Amino acid sequence: MSEQDKQGQEELKDYAGGWMMERKGTDAPVFLKLVTPIISLGGVAYLIFQMYGDVDHATRGPLVQQFNAATKIGSTSTILMSVVAAMVFIYAVVVSVFAFRKPHKD
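Scope of this entry: the structure provided in the associated data block. Source: prediction; values computed, not measured.

**Re the overall build of the protein chain**
Inference 1: When helices and strands are tallied, the protein chain shows four helices and two strands.
Inference 2: The order of helices and strands in the protein chain, counted from the N terminus, is α-β-β-α-α-α.
Inference 3: Per-residue burial for the protein chain yields a buried fraction of 13% across its 106 residues.
Inference 4: Considering only contacts in the protein chain between residues 6 or more positions apart, those separated by 24 or more positions represent 52%.
Inference 5: Carbon and sulfur atoms make up 66% of the accessible area of the protein chain, which totals about 8600 Å².

**A short note on the pairing of strand β1 (residues 12–15)**
Working note: regular strand, side chains alternate between the two faces of the sheet.
Inference 1: Across four bridges, the pairing between β1 and strand β2 (residues 20–23) is antiparallel. The partner of L12 across the bridge, within β2, is R23.
Inference 2: A loop of four residues connects β1 with β2, the two strands running antiparallel in sequence, and A16 in this loop sits at a positive phi of about 55°.

**Some points on the environment of L12**
Inference 1: With respect to the helices and strands, the residue L12 is situated in strand β1.
Inference 2: By relative accessible area, L12 is classed as partly exposed at 26%.
Inference 3: If we ignore the near neighbours within four places in the chain, the residues touching L12 are M21, E22, R23 and K24.

**A closer look at helix α2 (residues 30–49)**
The α-helix winds at 3.6 residues per turn, so residues separated by three or four positions along the chain end up facing the same way.
Inference 1: Taking 1.5 Å per residue, 20 residues should reach 28 Å; α2 reaches 29 Å between its end C-alpha atoms and fits that length.
Inference 2: Restricting attention to buried positions, one finds in α2 the residues K33, P37, S40, V44 and L47. Axial view of α2: buried residues confined to an arc of 80°, hence all on one face. Structural note: α2 exposes V30, F31, I38, I39, Y46 and F49 on the side pointing more than 90 degrees away from its buried face.

Reading the values: rules and limits
- Residues numbered from 1 in each chain as written.
- Predicted model: local features only at pLDDT ≥ 70, side-chain atom pairs only at ≥ 80, totals over all residues.
- Heavy atoms only, no water.
- Helix = DSSP H or I, 4+ residues; strand = E, 2+ residues; numbered from the N terminus.
- Buried < 20%, exposed > 50% of the residue type's maximum accessible area, 1.4 Å probe, protein only.
- Contact = heavy atoms within 4.5 Å.
- Areas by Shrake-Rupley, 256 points an atom, 1.4 Å probe, with all protein chains shown as cover.
- Pairing = 2+ DSSP bridges.
- Expected span 1.5 Å × (residues − 1).
- Arc of directions from axis to C-beta.

What follows is the structure, encoded as structure tokens:
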């Protein structure tokens, strides 16, 4: 192995037994830092908007309303869905904080 190949190998950091590698001193692109919080906040919005089902839809709305009445969807499921949405929101905040802080030193 040449000296240049050895130097190139020394600059790579190995994760997961060789499945992932990164060059030491590099940072993740801003696009990748933004993607996870955006997707997480989209999940929170979806959970909130669909908490009671799609009751305003033209064809399946009445069926969803009948299902909600028959299963007595009430405060228990609302509280559960709110807690899940809050947990996903907290996840998005934590990931954002870790993504945008300064990179750690190797």
